[in-house]
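Working through the structure, step by step
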Amino acid sequence: MANSLLFHATEWSNRDPNPVTSAYVKEMASNSLLLNATEWSNKDPNPVTSAHVRDLVSKVVEENDNNSRNELQSLFPPNNKRIGFGTAGLRGPMQPGPLGMNDLVVIQTAQGLASYILRCRELGGTHNSAAVSAVVGYDHRAHSSFSLSSKQFAIYTKLVFDSKGIACTLLDGYVATPILAFAVGHIGASVGIMVTASHNPKQDDGYKVYWSDGCQIRPPVDAGIANAIVEKGNLLPWMDYGEKLIAMKRENGEAECYGLSSPRETRMIEDAYYQSIRDSGLVVELGTATSHVQAPSFAYTAMHGVGLPYAKRSFSTFGLPPFLPVKSQQCPDANFSTVPFPNPEEKGALDEAMAFAKENGCDIVLANDPDADRLGVAEYNKVDGKWTVFTGDQIGSLLGHWLWETIGKKSDKPVAMCASTVSSKILAAMGQTKGFLFEETLTGFKWIGSRALQLQSEGYRVLLGYEEAIGFSCGGIIPDKDGISALGVIATMSTAFYAQGKTLASHLQEIYALCGEFCSNNGYFRCDDPVIVKKIMEQMRNDGKYFDRVGTYDVESVRDLGEPGYDSKAADKKPTLPTSASSPMITFRFKNGCVAQFRASGTEPKFKYYIELRGQPGETRERLDVMVKVLLEELLHPAQNGLIIPSSL
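With mixed pairing, the six strands of this open sheet are ordered in space as S1-S7-S6-S2-S5-S8. Here the strands that pair on one side only, and so sit at the sheet edges, are strand S1 (90-93) and strand S8 (261-262). Relative to strand S6 (residues 191-195), strand S2 (residues 133-138) runs parallel, the two sharing five bridges. Looking across to S6, one finds that Tyr138 is bridged to Val195. Lying over the sheet, helix H6 (residues 103-123) contacts S1, S6 and strand S7 (204-211), oriented at roughly 5° with respect to S7.

Written out as structure tokens, the structure is:
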């Protein structure tokens, strides 16, 4: 289309007798950047972002404005590069152009997704469009200056599916991600879409896709959808969505989502979700505490997200007394006014909640990220006045032990638990001691959730799936991380421990006494250049002659999940986990019990490391910290490779 437009513009300018208009068109035609930007603005149904791009183009042509040219170059890269559809569907800054989250990108994505699921239906031999359905949810993210929001992206998605006769349920109001994931399975949808950027900074939004099993998409579905999005017929809007939206506003301006959402069905889905918690065995009857024992009090922060009403109902479902919400962070706020990085894992993210808890005499802080699929936990020691902010691995250890003791050892089915390969190995040790199956998966909840579903089909009761990035799936409610049900389990567990005169921290030490002390040092370097990432991985491979010693530390075995894959422990030297050329990970297992793993993030410009040392109960971090310095220097060469140390480390 761009080539045709270029040809006609050039022909027109050659015939135009007006030197001013002729020169304007020639400038446009000779500049592919301006042409691409103009073509984009003509397709964009959003009047604000469309006008913004047109204004930039005019300033470049009429005023030769370099600032406008630089902005256009950042928004419209050469070679038609666009925002990638990958690990988390879409995720990126809300801005015009093919690299951003905006109305046109979402429409193109929804059209590609609709085309793909209809194609899957046809290949499956089903010709009834009613057999294909979708469910869509959204959070509170918005960019007011550009008139972009999760809500509007969800509305456009609904319009796209409706236009193809695909039954589409648009959930009413802001919803937590676990509710959308649950809805897919509950109503038997072919696909689910959650519009959220989870814990990313305020400028970002995302488009998270679930398949019919309620699990995040994975190969080959993800690649199939990505290819469908960029098909020519899906890059062009199927209708004038802007005019459609204007007409709907006129007809139903006062109604939520202009009458497109489903309030009654949303409430029924939420009721069913909480009923599934009751039916799962997660709700445990606690004995009455003795009079001299005080139950723990809880402070809760929604991190300016959507979690508060869901957390309240979770406490009610588990039969717990109400918590105290952190008022400054309890309401949805697209500006995330008090925390620039709304991720409970980030250093300083819990500071405001912990200050509130201390001021109000609370023992424990529970924190959901903005879409409530993750859970952070911190505990105040009133004796020494210090806080323990638990890592994802420590929370996973507490959950695994609790779920085994309260459900697992009474189960009439064999019990299994899963964790990502970069998470702690403590569940594996616990499984050997207690007698349940433990399996590790690739990084990411799409792999944890899909393996949990497979184990369920094999007759296992899967009590826990978790990843070190504070993501937990308890009791098989959904095959995805769920900060709402996990919150209730942690609060119940805490109440039981306090009734016994213990704390979360002291009970964790009891687990270490049983399974050994697992000390971890997880972190990352910033790295914006994929070439550097590839170079580092190749350095660690050492031309296929993997190191048998790093510094003074002897290597026991090496596993490489890049292509073609390698595991020195396996008889055939092939790893049991899937390999990937685009998302490689290298693991060094050392003779002293340390496991060090390295990979690039799939969603952020980060090169991550996960290093854990198993020792005897009482093991301190000192021995691990000394080893970490050696491993990072010898294997990554941070200074030579230009890796940036985050300020939080």
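Applying the stated criterion to the full structure yields 17 aromatic pairs. Plain terms: the ring middles of Tyr466 and Phe472 are 6.1 Å apart, the flat faces sit at 20° to each other, and that makes the pair stacked. A residue is classified by how much of its surface remains accessible, and Tyr466, at 0% relative accessible area, is buried. A relative accessible area of 1% means that Phe472 is categorised as buried. Taken together, the ring pairs in this structure connect Phe298, Tyr300, Phe315 and Phe323 into an aromatic cluster. For Lys164, the ring lying beneath its charged end belongs to Trp238, and the centroid distance is 4.5 Å. Sitting over the face of the ring of Tyr524, Lys606 holds its NZ or CZ atom 4.1 Å from the ring centroid.

Turning our attention to the pairing of strand S24 (residues 606-615). Most of S24 sits out of view: nine of its ten residues are buried. Here strand S18 (residues 517-526) runs beside S24; their pairing, made up of ten bridges, is antiparallel. Along S24, the bridge assignment pairs Phe518 with Arg614. Sheet analysis places strand S23 (residues 594-600) next to S24, joined by seven bridges and oriented antiparallel. Its bridge partner lying in S24, Ala600 is registered against Phe607.

A few words on empty space enclosed by the protein. One pass over the full model with this rule turns up two cavities of 30 Å³ or more. Space inside the largest cavity adds up to approximately 90 Å³. Elements supplying a minimum of two residues to the lining of the largest cavity: helix H17 (445-457) and strand S16 (461-467). Here the lining of the largest cavity takes six residues from H17, the largest share from any one element. For the lining of the largest cavity, the class distribution of residues is nine nonpolar, five polar and no charged.

Our next topic: the pattern of salt bridges. Taken as a whole and assessed by the stated rule, the structure comprises 26 salt bridges. The closest approach of N and O atoms between Lys59 and Asp55, which form a salt bridge, is 3.4 Å. Placement of the pair is Lys59 and Asp55 together in helix H4 (residues 47-63), with a separation of four residues, close to one helical turn. Among the ionic contacts, a cluster of salt bridges with common partners joins Lys208, Asp369, Asp373, Arg374, Glu467 and Lys481.

With that out of the way, let us pick up the packing of helix H15 (residues 392-406) against helix H19 (residues 504-515). Each pair of packed helices can be summarised by the angle the axes make with each other and by the distance between the axes. One way to put it is that H15 packs onto H19 with a least axis distance of 10 Å and a crossing angle of 75°. It follows from the interaxial angle that H15 and H19 lie roughly perpendicular. Where H15 abuts H19, its residues Gln394, Ser397, Leu398 and His401 lie against Leu504, His507, Leu508, Ile511, Tyr512 and Leu514. Looking at the contact of H15 with H19 residue by residue, the classes come out as six nonpolar, four polar and no charged.

Turning our eyes to something else, we now look at helix H16 (residues 426-434). Among the residues of H16, Ile426, Leu427, Ala429, Met430 and Gly431 are the ones counted as buried. Directly beyond the C-terminal end of H16, a positive phi value near 100° is found at Gly435.

This part is about the nonpolar core. Core analysis: the largest hydrophobic core is formed by 76 residues, its most contacted members being Leu366, Val377, Leu399 and Leu403. No other element matches the ten residues that helix H18 (residues 483-499) contributes to this core.

Our next topic: the sheet that holds strand S11 (residues 364-368). The strands making up a sheet associate through hydrogen bonds between their backbones, and the pairing can be parallel or antiparallel. Strands sit in the order S10-S9-S11-S12-S13 across an open sheet of five strands; the sheet is mixed. The open sheet is flanked by strand S10 (324-325) and strand S13 (386-389), the only strands paired with a single partner. Most of the contacts of helix H13 (residues 308-317) go to strand S9 (residues 298-301), to which it runs at about 150°, and overall it touches S9, S10 and S11.

On to H15. The end-to-end C-alpha distance of H15, which contains 15 residues, comes to 21 Å, matching closely the 21 Å that a straight helix rising 1.5 Å per residue would cover. Burial of H15 is extensive: 14 of the 15 residues sit out of reach of the surface.

Right, let's talk about the side chain of Arg374 for a bit. Structurally, Arg374 is set in the loop between S11 and strand S12 (375-381). Side chain to side chain, Arg374 and Ser198 meet in a polar contact 3.1 Å long. For Arg374, the residues in contact, after removing those within four places along its chain, are Ser198, His199, Ala367, Asn368, Asp369, Glu467, Ala469, Ile470, Lys481 and Gly483.

Reading the values: the criteria
- Residues numbered from 1 in each chain as written.
- Predicted model: local features only at pLDDT ≥ 70, side-chain atom pairs only at ≥ 80, totals over all residues.
- Heavy atoms only, no water.
- Pairing = 2+ DSSP bridges.
- Helix = DSSP H or I, 4+ residues; strand = E, 2+ residues; numbered from the N terminus.
- Contact = heavy atoms within 4.5 Å.
- Axes fitted to C-alpha atoms, helices over the stretch in contact; angles between N-to-C directions.
- Phe/Tyr/Trp six-rings, centres within 6.5 Å; stacked < 30°, edge-to-face > 60°.
- Buried < 20%, exposed > 50% of the residue type's maximum accessible area, 1.4 Å probe, protein only.
- Lys NZ or Arg CZ within 6 Å of the ring centre and 35° of its normal.
- 1 Å grid on protein atoms, 1.4 Å probe; cavity = no way out; pocket = protein on both sides within 12 Å on 5 of 7 lines; lining within 4 Å.
- Points joined across faces, edges and corners; volume = space filled by probe spheres on them.
- Nonpolar A, V, L, I, M, F, W, Y, C, P; charged D, E, K, R; others polar.
- Salt bridge = Lys/Arg side-chain N within 4 Å of Asp/Glu carboxyl O.
- Parallel < 35°, antiparallel > 145°, perpendicular 65-115°, else oblique.
- Core = buried A, V, L, I, M, F, W, Y, C linked by side-chain atoms within 4.5 Å.
- Expected span 1.5 Å × (residues − 1).
- Polar contact = N/O pair within 3.5 Å; in protein donor to acceptor, adjacent residues only side chain to side chain.

Interpretation in functional terms is not warranted from these geometric data alone.
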